[in-house]
Amino acid sequence: FPDDGGGGASSSSSASSSRAKIYENVDAAIEARLDTARRMPGDQYLSAEAARDMVLRATVPATPTTDPSSSSPTDPSFDPSTPVAFRHDPRLQWPSLQYYTREQVESFYRRVAHPVCLLTAEDGWPVDARAEEAAREVLRPDCAERLKGSHHFHADPDTVGEVVERVRKFLGEWGL
């Protein structure tokens, strides 16, 4: 996989069985995650706190460790200067082999037979008005609200409370 030239990352074929990008340390991986959010379409953003939580959950040491107690960046004894790699399969970032037409997506939506809560973020992934209206028409959500936040508004400390409150309210209304 090519090196993106930033964030202290380098490509390494020695990282476990995948060819995952190796980040110099946890902070370099966090900066790369923040940079990815900045490069996404629209006005998306990600707080440093949310990026840190995501990186700590999604990375592993890039080199084997002899101390099993420090094998995870979430472990308090983990040395943050240790090189890390994201544990997801890099192939997930490859272009999809299958794309759906608008009609196929709407067909999937029509098959939903349960209560729907549709929460979107003000600065989330940009969706054209026609697609959003079609989704609302077909899904007929029992709850549809646009909340403050970006694509990861469910993970950002500044906006997660409102998301949780809306989901709890929705579940309570349906006795779930």
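Conventions used here
Residues numbered from 1 in each chain as written. Predicted model: local features only at pLDDT ≥ 70, side-chain atom pairs only at ≥ 80, totals over all residues. Heavy atoms only, no water. Salt bridge = Lys/Arg side-chain N within 4 Å of Asp/Glu carboxyl O. Helix = DSSP H or I, 4+ residues; strand = E, 2+ residues; numbered from the N terminus. Buried < 20%, exposed > 50% of the residue type's maximum accessible area, 1.4 Å probe, protein only. Axes fitted to C-alpha atoms, helices over the stretch in contact; angles between N-to-C directions. Parallel < 35°, antiparallel > 145°, perpendicular 65-115°, else oblique. Left-handed = near helix turned anticlockwise from the far one by under 90°. Contact = heavy atoms within 4.5 Å. Nonpolar A, V, L, I, M, F, W, Y, C, P; charged D, E, K, R; others polar. Disulfide = S-S within 2.5 Å. Arc of directions from axis to C-beta. Polar contact = N/O pair within 3.5 Å; in protein donor to acceptor, adjacent residues only side chain to side chain. Pairing = 2+ DSSP bridges. Right-handed = clockwise from strand over helix to strand, strands pointing away.

Visitor: Account for the pattern of salt bridges, naming residues and giving values.
Guide: Following the criterion strictly, the structure yields 10 salt bridges and no others. Measuring nitrogen to oxygen at the nearest pair gives 3.0 Å for the salt bridge that ties D35 to R39. Of the two residues, D35 and R39 both sit in helix α1 (residues 26-39), four residues apart, roughly one turn of that helix. Given the relative accessible area of 30%, D35 is considered partly exposed. Note that E162 and R166 form a salt bridge whose closest N and O atoms lie 2.0 Å from each other.

Visitor: Give me unusual backbone geometry: which residues, what numbers.
Guide: Unusually for a residue other than glycine, R140 sits at a positive phi of about 50°. Looking at the secondary structure, you find R140 in the loop between α4 (129-139) and β6 (143-150). Owing to a relative accessible area of 67%, R140 belongs among the exposed residues under this scheme.

Visitor: Which residues make up the packing of helix α3 (residues 102-110) against α4, and what are the values?
Guide: For the pair α3 and α4, the least separation of the axes is 9 Å and the interaxial angle reads 30°. Accordingly, the angle class assigned to the pair α3 and α4 is roughly parallel. You can see that α3 and α4 cross each other, and the crossing is right-handed. Facing α3, whose interface residues are R102, E106, Y109 and R110, α4 presents R130, A131, A134, A135, V138 and L139. Tallied by class, the residues present in the contact of α3 with α4 amount to six nonpolar, no polar and four charged.

Visitor: Provide a residue-level description of the state of the cysteines, including the pertinent values.
Guide: This structure, assessed with the given rule, holds zero disulfides. Cysteine C117 remains unbridged, with the sulfur of C143 as its closest cysteine sulfur at 3.4 Å. The exposure class of C117 is partly exposed, given its relative accessible area of 26%.

Visitor: Let's hear about α4: which residues, and what values?
Guide: Within the sequence span of α4, burial applies to E132, A134, A135 and L139. Along the axis of α4, the buried residues cluster in a sector spanning 160°; they form a single face. For α4, exposure combined with an orientation more than 90 degrees from the buried face picks out A129, R130 and E137. On its buried face, α4 sits against α3, β5 (117-123) and β6. Between the side-chain oxygen at the start of α4 and the backbone nitrogen of R130 there is a gap of 3.2 Å, and the oxygen is on D128. After α4 finishes, the residue R140 shows a positive phi value of roughly 50°.

Visitor: Lay out the pairing of β6 with the relevant residues and their values.
Guide: Note: β5 against β6, six bridges, orientation parallel. Paired with A121 across the strands is L147, a residue of β6. Each parallel crossover has a hand, and the one from β5 via α4 to β6 is right-handed.

Nothing here speaks to function; it is geometry throughout.
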